[in-house]
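Here is what each chain is made of, one letter per residue.
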There are 2 protein chains.
Amino acid sequence: MSHNLLLLSNSKIHGKGYLEHAMDAIVEFLDGCHVLHFVPYAQTEYEAYTQRVRTALQPLGVEVIGLNAGSNPREVVKEAEVLFVGGGNTFRLLRSVQQLGLVELVRQRVLAGELSYMGSSAGTNHACPTIRTTNDMPIVQPVSFEAFGLVPFQINPHYQDADPRSTHMGETREERICQFLEENDVPVLAMREGAWLRRQGSKLILQGQTGALLFQRGTEPTPYEEEADLSFLLNLPTQFDTSL
Amino acid sequence: MSHNLLLLSNSKIHGKGYLEHAMDAIVEFLDGCHVLHFVPYAQTEYEAYTQRVRTALQPLGVEVIGLNAGSNPREVVKEAEVLFVGGGNTFRLLRSVQQLGLVELVRQRVLAGELSYMGSSAGTNHACPTIRTTNDMPIVQPVSFEAFGLVPFQINPHYQDADPRSTHMGETREERICQFLEENDVPVLAMREGAWLRRQGSKLILQGQTGALLFQRGTEPTPYEEEADLSFLLNLPTQFDTSL
C-alpha cells in the first residue's frame, strides 16, 4: 500500500448537500472499504456531527464510526483503515488530537500506507505540516501549531479571490497568505471551495471544478485547473521560520 | 493618572488616509503629549511603517519614534509616555513583544496609569487578555496567546456583518465569534471598521460612527451605537477555557 489521501477544500458547496459535490471522488478514494472512522473534534456536538456524515455516506453502504464513541481513540486509530477528519475550528481540532495523543500515530500510519486519510477544511489543514494557513479564529491554544504532516506543503482551504468592489480594509486572503510567505518559505496551495487534492503514493492531482492558486515566495501566484498534476509539490524544499 | 486607552478597530477606512478618520480622537487621547513611541512589529518593514505614522501625525506636531530604532526597546518602554501599537499580523506582533520581554512591562505601566496606549487592529487585539479573537492567519507561533490584558474582555476588530447574498461556505465572522464563546465565557465586542473604544480610568465609551456588536454566551448579540457607555464591560466576570 502507499499514501492514500483525499483532501477537500470544504465539505459542502452552495446549493448541494453535505459532501455531495465530491461523492464520486469519495467512492474512488474508499476503493471498496466499508468502514470509516470519523474525527468530529473540530465541532462540539460529536454525535450529531457523526450522524451527519453517516447520513451522507449511507448510499455508499459505508459504516461510519465516530472516534468519540469508544473509550480509547488511540486504540481505534491503531486499527482503523480509513480516517475522515471533518471541518469546524482548526485550533479546537488540533488541541483535541494533541490531547488524545493522535498526531504522531496518524502521521506514522498514513505515511506507512496503513491508514487512508480524508479531510475537509480543518481536516485538510491538518494534513499539512502545520495549521499556519488556516482561516480559523484561534479560540483555544494548542500546545503547538504542528499537525499531521501528510504532505510537505501548506494548504489554504475555502480560498476566496479578492472582491474588487469591496470597501473592507481587512486583509484579503491573498494578503494573508503573502504574510505567511514573509515568515515561511513554504508553498501554499490555495484551493477554492469545490476543489480537492488526491494523493496516491507519489502522485498528487488537483480535482474538482473550481481550481487552485499556488503561492510561493518571490513569485506571482500560479493558477491550476482540474486534473493538474501537482506531484512536484511533494518534492519542493520548505523552510518554516522555526524548525518543527 | 489613570488608564488611558484608545483602541481603534482599524487604521484606515475606505476613501480616507491612514488614521484620518480618527484624528480628532487621537488629539483628545494625546492630551498635549508631543512624543509617541510606535510599535511596528506586526509588519516587516519597520522603518517604512514608522514613517507612515510619522507622516500621518505630523500635522499634530507629534514626534514619532519607532521602538525598533533603539537597541533596547524594553528600556524605551520603561520611560515612554504614549505607545501606539500598529496593525498587521497579530501572531507576528505577539511573537515579537514576547521575545522582547514587553508583555508584562506594558501591562504594568498601562494599568498603573504611567503609559497611555493606542492600538489599531492587531494592536487593539493586543489590549485584550488574549489574541483569541483576532482575524489573522497564524503565520508564526507565539509561546502563548496571552496579550497585554489592558481590558478584561475580548475585541474583534474589522467586524463584518454577514452578506446575505454570499454563496461562500466558510464561517461568517459571527459564526467564528460564536465558536470562541463555545470554548470561553468571555464577552466579545465586535467593532466595525471606523469604530473605536476610549477608556479613561473606569469609563469606557464606544466612539466612531459605525457601531459595534456585543457577543456574550447564551444571548443574542447586542448592538451599540456611537457614544454608548460600555463601562460595565470592565466589571463582567470572564472564564477562559484554561486559566491564563
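Conventions and cut-offs
Counting restarts for each chain, with residues numbered from 1 along the sequence as it is written. As they are written, the chains are lettered A onward and the ligands numbered 1 onward, keeping that order. With pLDDT at 70 or above as the cut-off, local features in this predicted model cover only qualifying residues; side-chain atom pairs require 80 or more to be listed or tallied, and sums for whole chains, interfaces and linings still use all residues. Derived side-chain values reflect all non-hydrogen atoms in the structure, with water molecules and hydrogen atoms excluded from consideration. Here, any two strands with at least 2 DSSP bridges between them count as paired. Here a strand is any run of E in DSSP of at least two residues, a helix any run of H or I of at least four, and the numbering for each starts at the N terminus. Axes here mean lines fitted to C-alpha atoms, for a helix over just the part in contact, with angles spanning 0 to 180 degrees between N-to-C directions. Any Lys or Arg side-chain nitrogen located within 4 Å of an Asp or Glu carboxyl oxygen qualifies as a salt bridge. Burial classification: accessible surface area is computed with a 1.4 Å probe over protein chains only, and a residue below 20% of its type maximum counts as buried, one above 50% as exposed, and the rest as partly exposed. Within a predicted model, pLDDT stands for the predictor's per-residue confidence, ranging from 0 to 100. To superpose the copies, least squares is applied to the C-alpha atoms of every residue with a pLDDT of at least 70 in both. Should any heavy atoms of two residues lie within 4.5 Å, those residues are counted as being in contact. Think of a polar contact as two N or O atoms within 3.5 Å of one another; within protein, one of them needs to be a possible hydrogen donor and the other a possible acceptor, and neighboring residues in sequence only count if both atoms come from side chains. Pairing of aromatic side chains here covers Phe, Tyr and the six-membered ring of Trp, requires ring centres within 6.5 Å, and sorts the geometry by plane angle: under 30 degrees stacked, over 60 edge-to-face, intermediate tilted. Any residue that is not Ala, Val, Leu, Ile, Met, Phe, Trp, Tyr, Cys, Pro, Asp, Glu, Lys or Arg is counted as polar, Gly included; the first ten are nonpolar and the last four charged. Orienting the strands away from the viewer, one traces the path from the first strand over the helix to the second; a clockwise path indicates a right-handed crossover.

Asker: Please explain the sheet that holds strand β7 (residues 188-192) of chain B as it appears in this structure.
Answerer: The pairing of strands in a sheet comes from backbone hydrogen bonds and takes either a parallel or an antiparallel form. Residue and element names in this part refer to chain B. Read from one edge to the other, the open sheet built from four strands follows the order β6-β7-β10-β11, with strand pairing classed as mixed. Of all the strands in the sheet, just β6 (154-159) and β11 (222-224) have a single pairing partner and so form its edges. Between one strand and the next, the sheet's axes are offset by a mean angle of 25°, whatever the strand orientation. Judged from the four bridges that link them, β7 and strand β10 (residues 212-215) form a sheet pairing that is antiparallel. Of the residues in β10, the one forming a bridge with M191 is A212.

Asker: I'm lost on the pattern of salt bridges in this one. Help?
Answerer: Opposite charge on two side chains allows them to pair when their charged atoms are near. Counted according to the given criterion, the structure contains 30 salt bridges over all chains. In this structure, E104(A) engages R107(A) in a salt bridge whose closest nitrogen and oxygen atoms are separated by 2.5 Å. One end of the pair is E104(A) and the other is R107(A), both in helix α5 (residues 103-111) and three residues apart, which spans about a single turn. A relative accessible area of 16% places R107(A) in the buried class. Ionic pairing is found between R176(B) and E171(B), a salt bridge with its closest N-O pair at 3.8 Å. Classification of R176(B) by relative accessible area gives buried; the value is 12%. Overlapping salt bridges bring together R92(A), R95(A), R132(B), E182(B), E183(B) and D241(B) as one network.

Asker: Explain the confidence of the model for chain A here, please?
Answerer: Low pLDDT marks stretches whose predicted atomic positions should not be read closely. Residue-level pLDDT values for chain A average 96, and 100% of them are 70 or greater. For this predicted complex, the interface score ipTM comes out at 0.96, alongside a pTM of 0.97.

Asker: Would you mind showing me how to read the sheet that holds strand β3 (residues 63-66) of chain B here?
Answerer: All names here are of chain B. The seven strands lie next to each other as β3-β2-β4-β5-β1-β8-β9, forming an open sheet whose pairing is mixed. Since the sheet does not close on itself, it has two edges, and those belong to β3 and β9 (203-208), each with one partner. Put simply, the sheet's adjacent strands are angled 20° from each other on average, direction ignored. Of the strand pairs in this sheet, strand β8 (residues 195-200) and β9 are connected by six bridges, and their pairing is antiparallel. By the bridge assignment for β9, R199 is matched with L204.

Asker: For this particular structure, what's the right way to read the relation of the copies chain A and chain B?
Answerer: You can overlay chain A on chain B at an RMSD of 0.0 Å; the transform is a turn of 180° with a shift of 0.0 Å along its axis. What the rotation and shift describe, once combined, is the action of a two-fold rotation axis. Residue by residue, 100% of the interface of chain A is reproduced at the interface of chain B, so both copies engage with the same surface.

Asker: Explain the side chain of R132(A) here, please?
Answerer: With respect to the secondary-structure elements, R132(A) resides in the loop between α6 (122-125) and β6 (154-159). On the basis of relative accessibility, which here comes to 1%, the residue R132(A) falls in the buried class. Among the polar contacts listed, one links the side chain of R132(A) to the side chain of N184(A), at a separation of 2.9 Å. At a separation of 2.6 Å, a polar atom in the side chain of R132(A) contacts the side chain of D241(A). Those residues in contact with R132(A) that lie beyond four places of it in its chain are F145(A), Q154(A), F180(A), N184(A), F240(A), D241(A), T242(A), M137(B), P138(B), I139(B), V140(B) and Q141(B).

Asker: Explanation requested: helix α5 (residues 103-111) of chain B in the structure shown.
Answerer: Given 3.6 residues per helical turn, the α-helix brings residues three or four places apart onto the same face. All names here are of chain B. What α5 keeps buried is the set V103, L105, V106, R107, R109 and V110. Lining the buried residues of α5 we find β1 (4-8), α3 (73-79), β4 (82-85), α4 (90-99) and β5 (116-120). Immediately beyond the C-terminal end of α5, within one or two residues, lies G113, with a positive phi of roughly 80°.

Asker: When you look at the packing of aromatic side chains in this model, what are you seeing that I'm missing?
Answerer: Here a ring pair, both rings aromatic, is described through the centre-centre distance and the interplanar angle of the planes. Taken as a whole and assessed by the stated rule, the structure comprises 19 aromatic pairs over all chains. Here the aromatic rings of F145(A) and F145(B) are separated by 6.1 Å at their centres, their planes lie at 50°, and the arrangement is tilted. Here the residue F145(A) occupies a position in the loop between α6 and β6, and F145(B) occupies one in the loop between α6 (122-125) and β6, the pair thus bridging two chains. You'll find F145(A) and F145(B) in the same group, each marked buried. Considering the side-chain rings of Y224(A) and F232(A), the 6.3 Å spacing of their centres and the 45° angle between planes classify their relative orientation as tilted. Judged by its relative accessible area of 33%, F232(A) is partly exposed. Connected via pairs of aromatic rings, a cluster forms that spans F91(A), F145(A), F91(B) and F145(B).

Asker: Sorry if this is basic, but what is going on with the interface of chain A and chain B here?
Answerer: Accessible area lost on assembly of the parts is the figure often given for the size of an interface. Counting residues at the interface gives 42 residues for chain A, matched by 42 residues for chain B. The tally of links from chain A across to chain B stands at 10 salt bridges. Close ionic contact of R95(A) with E183(B) constitutes a salt bridge, the shortest N to O distance being 2.9 Å. Ranked by residue count, the leading element in the side of chain A that touches chain B is helix α7 (residues 173-183) of chain A, at seven residues. For the side of chain A that touches chain B, the per-class residue count stands at 13 nonpolar, 17 polar and 12 charged.

Asker: Even after reading the chapter, I still don't get α7(A), so can you show me in this structure?
Answerer: All of the buried residues along α7(A) are R173(A), R176(A), I177(A), Q179(A), F180(A), L181(A) and E183(A). Each element contacted by the buried residues of α7(A) is listed here: β6, β7 (188-192) and β10 (212-215) of chain A together with α4 of chain B.

Asker: Looking at this model, I keep getting lost on the pairing of β7(B). Mind explaining?
Answerer: Within a regular strand, side chains alternate between the sheet's two faces. Residue and element names in this part refer to chain B. Most of β7 is tucked away, with four of its five residues classed as buried. The pairing of β6 with β7 spans four bridges and is classified as parallel. Residue pairing in the sheet places Q154 in a bridge with V188 of β7. For the handedness criterion, the β-α-β arrangement of β6, helix α7 (residues 173-183) and β7 is classed as right-handed.

Asker: How should I be thinking about the environment of K78(B) in this particular structure?
Answerer: Residues and elements named next belong to chain B. Mapped onto the elements of the fold, K78 is located in helix α3. Taking the C-alpha atoms as reference, K78 lies 7.8 Å from R109; in sequence the two are 31 residues apart. Once residues lying within four places of it in the same chain are set aside, the contact partners of K78 are L105 and R109.

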